[in-house]
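# Structural characterization, general
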Amino acid sequence: MSDCSILRIGPIESKNGNAAVLRDAIISHFHDGASTSSSSSPSLNTDNNPNNLLTISNRYFDANVSLLGLDELNNNDGGEEDGILLIFDASLSTSFDSLGQFHSTAMQNDQCGELIRLCIGATHGPSPLSDGSKKSEEEYSRRLLWC
């Protein structure tokens, strides 16, 4: 497929890991939006598309977006690397610390693009940084400064 934006998401450690769950939720969101599309709602065309390819349409633009893991090959001819979503387990500081290595590797492999770069902390249940303690504030500041 030509003229496809590639959005990298990861690291995907397992099928049930945070990045995999987030990628599935994004795809599910657009699949659900396809059945209720209107001129102002995003829609997804899934006809003959692999599971990771989204065709997003609204009144402002049409975009083909391929959600690929950090270790997945780009099989789309003419696809352009446009962004990266780095996902970490927000309950573990060591998970956040590993993002630097993943980001550096993605940069070396030209897998980051220039349009979007996000660090997303995901956890099940309440955020460990929501208790308002000095330690939580320091960890929040450390993460913010890295990004």
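These remarks concern the structure in this document. Note that the structure is a prediction, hence the values are computed from the model and not measured.

In this section: the overall build of the protein chain. Helix and strand content of the protein chain: four helices and six strands. Along the protein chain, helices (α) and strands (β) appear in the sequence β-α-β-β-β-β-α-α-β-α when read from the amino end. When each of the 147 residues of the protein chain is scored for burial, the buried share is 35%. In the protein chain, 65% of the contacts between residues at least 6 apart in sequence involve partners at least 24 apart. As displayed, the protein chain has an accessible area near 9,100 Å², and 50% of this comes from carbon and sulfur atoms.

Moving on, we come to the environment of Asp-71. With respect to the secondary-structure elements, Asp-71 resides in the loop between strand E4 (62-69) and strand E5 (80-89). Along the backbone, Asp-71 and Arg-8 are 63 residues apart, and their C-alpha atoms lie at a distance of 9.1 Å.

Moving on: unusual backbone geometry. Residue Pro-11 follows Gly-10 across a cis peptide bond; omega there is 0°. Examined against the element boundaries, Pro-11 turns out to sit in the loop between strand E1 (4-10) and helix H1 (18-34). Of note, Asp-110 is a non-glycine position whose phi angle comes to about 55°, a positive value. Mapped onto the secondary structure, Asp-110 falls in the loop between helix H3 (99-108) and strand E6 (116-122). Taking relative accessible area as the criterion, Asp-110 reaches 62% and is therefore assigned exposed.

Structurally, Thr-55 can be placed in strand E3 (residues 53-57). Thr-55 sits in the buried class, given a relative accessible area of 16%.

For the rest of this paragraph, the subject is the pattern of salt bridges. Considering all chains together, one arrives at five salt bridges under this definition. In this structure, Glu-114 and Arg-117 form a salt bridge, with 3.5 Å as the shortest nitrogen-oxygen distance. For Arg-117, a relative accessible area of 36% gives the class partly exposed. Measuring nitrogen to oxygen at the nearest pair gives 2.8 Å for the salt bridge that ties Glu-139 to Arg-142. Pair noted here: Glu-139 and Arg-142 are both in helix H4 (residues 134-146), with a separation of three residues, about one helical turn. By relative accessible area, Arg-142 is classed as partly exposed at 34%.

A cluster of nonpolar residues, Leu-115, Ile-116 and Leu-118, forms a patch on the protein surface that exposes about 290 Å² of accessible area. Mapped onto the elements of the fold, Ile-116 is located in strand E6.

Quick look at the environment of Ser-95 now. Residue position: Ser-95 is located in helix H2 (residues 93-97). Take Ser-95: its relative accessible area is 14%, and that puts it in the buried class. Among residues more than four places away in sequence, those in contact with Ser-95 are Phe-88 and Asp-89.

Thresholds, definitions, all that
Residues numbered from 1 in each chain as written. Predicted model: local features only at pLDDT ≥ 70, side-chain atom pairs only at ≥ 80, totals over all residues. Heavy atoms only, no water. Helix = DSSP H or I, 4+ residues; strand = E, 2+ residues; numbered from the N terminus. Buried < 20%, exposed > 50% of the residue type's maximum accessible area, 1.4 Å probe, protein only. Contact = heavy atoms within 4.5 Å. Areas by Shrake-Rupley, 256 points an atom, 1.4 Å probe, with all protein chains shown as cover. Salt bridge = Lys/Arg side-chain N within 4 Å of Asp/Glu carboxyl O. Patch = residues over 30% accessible without salt bridge, like charges linked within 9 Å, V, L, I, M, F, W, Y side chains within 5 Å.

Any functional reading would require information beyond the geometric quantities listed.
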